[in-house]
Amino acid sequence: MRNLFFILLLSIPFSIGAKKLTVSDVFNPKTKGQDSYVSDINNVLTSNVVVELNNICVAIEQEVGAEVAIVIVPGIEGDDEYDFAYDLFNTWRIGKEGKNNGLLWLYVVDIRAMKFETGYGLEGLLPDAYLNSLLDEDIFPLMREGRVDDAFLLGLKEIEGRLTT
């Protein structure tokens, strides 16, 4: 009987305790100020990397006018990163009005999913094929090694290079 209890206990998913967020639950970093672009409520990234990512986002906005938001959440309701990214992108209205030049980079920790959502004004510079290749070839290998900070820095620097050349 005792063994059955432990087997049942081990079969419970560990994500039960993780909070599943809705779009309205996600902290908008712009409420902290114009130079805040990263929303990482569980501090997945180190504070130094958050500062560096914010600085890169400032440079992108100053150089090409595009707005970038980086969002890291522990879990999402429904576990559909595509719908969640789309809804968050539109709720926050990422990008300049009339230019639709925003980019959202979403990472959902509990399902290990990443999704880029781009506005129409950036699709020519950042097509889905390029962003998917960036994930598969550069970002995911670093994530598998546990190098989350490096993955985000490399990814954003690659995007910056693509937008500013």
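Reference entry: report on the structure contained in this document.

Rules of the game
Residues numbered from 1 in each chain as written. Predicted model: local features only at pLDDT ≥ 70, side-chain atom pairs only at ≥ 80, totals over all residues. Heavy atoms only, no water. Pairing = 2+ DSSP bridges. Helix = DSSP H or I, 4+ residues; strand = E, 2+ residues; numbered from the N terminus. Axes fitted to C-alpha atoms, helices over the stretch in contact; angles between N-to-C directions. Contact = heavy atoms within 4.5 Å. Buried < 20%, exposed > 50% of the residue type's maximum accessible area, 1.4 Å probe, protein only. Right-handed = clockwise from strand over helix to strand, strands pointing away. Expected span 1.5 Å × (residues − 1). Parallel < 35°, antiparallel > 145°, perpendicular 65-115°, else oblique. Nonpolar A, V, L, I, M, F, W, Y, C, P; charged D, E, K, R; others polar. Core = buried A, V, L, I, M, F, W, Y, C linked by side-chain atoms within 4.5 Å.

## Brief notes about the sheet that holds strand β3 (residues 102-108)
Strand order in the open sheet formed by 4 strands is β1-β2-β3-β4, and the pairing between neighbours is mixed. Every other strand in the sheet has two partners, leaving β1 (38-40) and β4 (113-118) as the edge strands with one partner each. Geometrically, the sheet is characterised by an average inter-axis angle of 10° between neighbouring strands, direction not taken into account. Direction of pairing for β1 relative to strand β2 (residues 67-73): parallel, over a ladder of 3 bridges. In the strand pairing of β2, serine 39 is matched with valine 71. The sheet strands contacting helix α5 (residues 148-164) are β2, β3 and β4, and the helix crosses β3 at an angle near 160°.

## A look at the pairing of β2
Side chains on a regular strand alternate between the two faces of the sheet. Summarising burial for β2: 7 of the 7 residues are buried, a large majority. The alternating pattern of β2 places Glu67, Ala69, Val71 and Val73 on one face and Val68, Ile70 and Ile72 on the opposite face, and all of these are buried. With respect to chirality, the unit in which β1 leads through helix α2 (residues 47-64) into the neighbouring parallel β2 is left-handed. As defined by bridge partners, β2 adjoins β3 across 7 bridges and the pair is classed as parallel. When the sheet's bridge partners are listed, alanine 69 is paired in β3 with leucine 104. Traced from β2 through helix α3 (residues 81-92) to β3, the parallel crossover comes out right-handed.

## Brief notes about α5
Relative to the 24 Å expected for 17 residues at 1.5 Å per residue, α5 spans 24 Å between its end C-alpha atoms, a close match to the ideal helical length. The set of residues buried in α5 consists of Val148, Asp149, Ala151, Phe152, Leu153, Gly155, Leu156, Ile159, Glu160 and Leu163. Next to the buried residues of α5 lie α2, β2, β3, β4 and α4 (128-144).

## Some words on the packing of α2 against α5
With their axes 10 Å apart at the nearest point, α2 and α5 run at an angle of 10° to one another. The orientation of α2 with respect to α5, classified from their angle, is roughly parallel. On the side of α2, the interface is formed by Val49, Glu52, Leu53, Ile56, Cys57, Ala59, Ile60, Glu63 and Val64, while α5 contributes Asp149, Phe152, Leu153, Leu156, Lys157, Glu160, Leu163 and Thr164. For the contact of α2 with α5, the residue count by class is 11 nonpolar, 1 polar and 5 charged.

## Section: the side chain of glutamate 117
For glutamate 117, the location among the structural elements is in strand β4. Judged by its relative accessible area of 13%, glutamate 117 falls in the buried class. With sequence-adjacent residues up to four places away left out, glutamate 117 is seen in contact with Tyr82, Ala85, Tyr86, Phe89, Gly102, Leu103 and Leu104.

## Focus: the nonpolar core
The biggest cluster of nonpolar side chains holds 34 residues, and the ones touching the most others in it are Leu53, Ile70, Phe116, Ile139, Phe152 and Leu156. With sequence-adjacent residues up to four places away left out, phenylalanine 152 is seen in contact with Leu45, Leu53, Ile70, Ile72, Trp105, Tyr107 and Met114. Formed by 16 residues, the second largest nonpolar core is a distinct cluster that contains Val23, Val71, Phe84 and Val108.

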